[in-house]
Amino acid sequence: MTRLLMAGGRLIDPASGRDERADLLIERGRIAAIGGSGTLGRADRTIDCRGRLVVPGFIDLHVHLREPPFFTESDSARQVGRPTPHTPENGSPSQEGGARQAARPAAQAPDLPETIASGAAAAVAGGFTTICAMPNTRPPVDSAEAVGYYVARAREANLARVLPVGCMTQGRAGREPANLAAMRRAGAVAFSDDGSDVADAAVFEQVLREAARLGVPALCHCEDAALAAGGVINDGPLASALGLPGLAPEAEEVAVERACDLAARTGCRVHICHVSTEGAVDVLRRAKSAGVPVTAEAAPHHLALTEEALARRDTVFKVSPPLRSGHDVDALLRAVCDRTIDCLATDHAPHAAAEKAKRLAEAPPGMIGLESALPVYLATLVEPYLLAWPQLVARLTINPARVLGIEGGTLSIGAPADVAVIDPEARWTIDPNAFRSAARNCPFAGWDVRGRVMMTLVGGNIVFQYL
Ligand SMILES: [Zn+2]
């Protein structure tokens, strides 16, 4: 029986209100004891955590992995085919990090899709011990078989806990509800048609009623399709200057309003994904004060960047919803502070370099975020004194755990030993070529940042260690 002692770190556990220097003992994959220095007895292994923060592993409600394809595009019947074989270079996480890819010019390297394994490796490198995998793959994860595939592949990767999210509607087409009960039985923790909204309000309501019956949250991508149609970047002076169709902020505001109304009507726990506008924040604030069962998340790029980043048409800054105005960013920061926005989620969206090399209007939206999230949150929230460390940790751990209704997100006795060890002072430069992710579309490349994940444990096992 292995006893692992994390000694001398600053333990921050918002769920139990703990913030103190203490030792943490892990036994049988769970938190076994917490006590003053040297009080917990002998351990088989001791990890020196002096000068480090010891926090619950982060939980990300919003991650895109690019697996399957386990159906072929022409497969009209929903048959599970053979999974794509995984060659050593297309997915298994490299212990040495991503340096192997840095050496290869993009032109020679076929772009590799983010697999469940490479995404899980990126997650633990960023301090995330649980990630929710969104179902807008091609084809989408809308069946018990597809959900089961995720559960099996995640177990094989044996890194972060990868929790599958099932589609709300069949084929993510918005016309018929998917079989939510079957997906739930197969292991889906939430439902979402992320990537787009469910335009048909009657179908949406049916989905939410069923999710409520199953006790599972709905993760809602709020965007009115008609209002958003054709938009490429945020609607405003920059879009006009670049001659690009704008995406009106109202498309989000209107859709959040509708989702909140349906949450109130159905009793479904509705979670609003990637809030990006001041208008949506206002709607959320009103809904929450009226007691509607709604929660929300913001992504690092929406807190740290404005639409101005797109002035040179660099597609790495194209994302959905788009980067917004400074006004919107300020409103989001306030909302994260006053808990109108409960959770921080990366919306990690890997894309191949060849895809992102297209023109701004044609390139797919999305940015990777798992391995840069922590220092970006620190730079935007903690260093400007908007949040203290425990408040930041709450938004990355216990708050998302509560949205999902899962155990975890805490260091309390008996909880799974999912832990991140952070050096809060480490200075480094964000270099996507060193990432575990298979993708490189990181908008924070070259940023000089502070704060680094040094070690990550899942179920008491060390699954990541920096140097
Ligand atoms: Zn989305």
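Structure's up top.
A short note on the nonpolar core
Stage number 1. By size, the foremost hydrophobic cluster in this structure holds 103 residues, and its most contacted members are Ile 272, Trp 389 and Leu 392.
Stage number 2. At seven residues, the largest contribution of residues to this core is made by helix 2 (residues 116–125).
Stage number 3. Residue contacts for Ile 272: discarding those within four places in its chain leaves Cys 220, Cys 222, Val 256, Ala 259, Leu 284, Val 294, Thr 295, Ala 296 and Glu 297.
Stage number 4. Listed in part, the 23 residues of the second largest apolar core include Ala 239, Leu 244, Val 319 and Leu 323.

Digging into helix 5 (residues 201–214)
Stage number 1. End to end, helix 5 covers 20 Å across 14 residues, agreeing with the expected 20 Å (1.5 Å per residue, within 8%).
Stage number 2. Listed as buried for helix 5 are Val 203, Phe 204, Glu 205, Val 207, Leu 208 and Ala 211.
Stage number 3. Buried residues along helix 5 sit in contact with helix 4 (180–186), strand 9 (190–191), strand 10 (218–220), helix 8 (250–266) and strand 13 (270–272).
Stage number 4. Two to three positions downstream of the cap, the backbone nitrogen of Ala 202 sits 2.9 Å from a side-chain oxygen, assigning the N-cap of helix 5 to Asp 200.

Things to note about the pairing of strand 14 (residues 294–298)
Stage number 1. Of all five residues in strand 14, four are buried; the element is thus mostly enclosed.
Stage number 2. Each parallel crossover has a hand, and the one from strand 13 via helix 9 (residues 278–289) to strand 14 is right-handed.
Stage number 3. Both strand 14 and strand 15 (residues 343–344) contribute to a ladder of two bridges, which runs parallel. Counterpart to Ala 298 in the pairing with strand 15 is Leu 344.

Quick word on the pattern of salt bridges
Stage number 1. According to the stated counting rule, one finds 20 salt bridges in the structure shown.
Stage number 2. Here Asp 19 and Arg 10 are joined by a salt bridge, their closest N and O atoms 2.8 Å apart.
Stage number 3. The salt bridge partner of Arg 30 is Glu 407, with a shortest N-O separation of 3.2 Å. Within this pair, whereas Arg 30 is found in strand 3 (residues 30–35), its partner Glu 407 is found in the loop between helix 15 (398–404) and strand 16 (419–429), the two being separated by 377 residues in sequence.

Rules used throughout
Note that residues are indexed from 1 along each chain, following the sequence as it is written. It should be noted that, the model being predicted, local features are given only for residues of pLDDT at least 70 and side-chain atom pairs only at 80 or more, the latter also being counted only at that level, while totals for whole chains, interfaces and linings use all residues. Side-chain metrics rest on all non-hydrogen atoms present in the structure, leaving aside hydrogens and water. In plain words, nonpolar cores are sets of buried Ala, Val, Leu, Ile, Met, Phe, Trp, Tyr and Cys residues tied together by side-chain atoms within 4.5 Å. Burial classes: relative accessible area under 20% of the type maximum marks a residue as buried, over 50% as exposed, and values in between as partly exposed (1.4 Å probe, protein chains only). In DSSP terms, a helix is any run of H or I states spanning at least four residues, a strand is any run of E spanning at least two, and both are numbered starting from the N terminus. Contact criterion: two residues are considered in contact whenever any of their non-hydrogen atoms come within 4.5 Å of each other. What a helix should span is 1.5 Å times the count of its residues minus one. Distance and chemistry together define a polar contact, namely a pair of N or O atoms within 3.5 Å, with one atom able to donate a hydrogen and the other to accept it when in protein, and with adjacent residues in sequence counting only for side-chain atoms on both sides. Look down the strands so they point away from you; if the path from the first strand over the helix to the second goes clockwise, the crossover is right-handed. By this definition, two strands are paired if DSSP reports at least two bridges between them. Salt bridges are counted wherever a side-chain nitrogen of Lys or Arg sits within 4 Å of a carboxyl oxygen of Asp or Glu.

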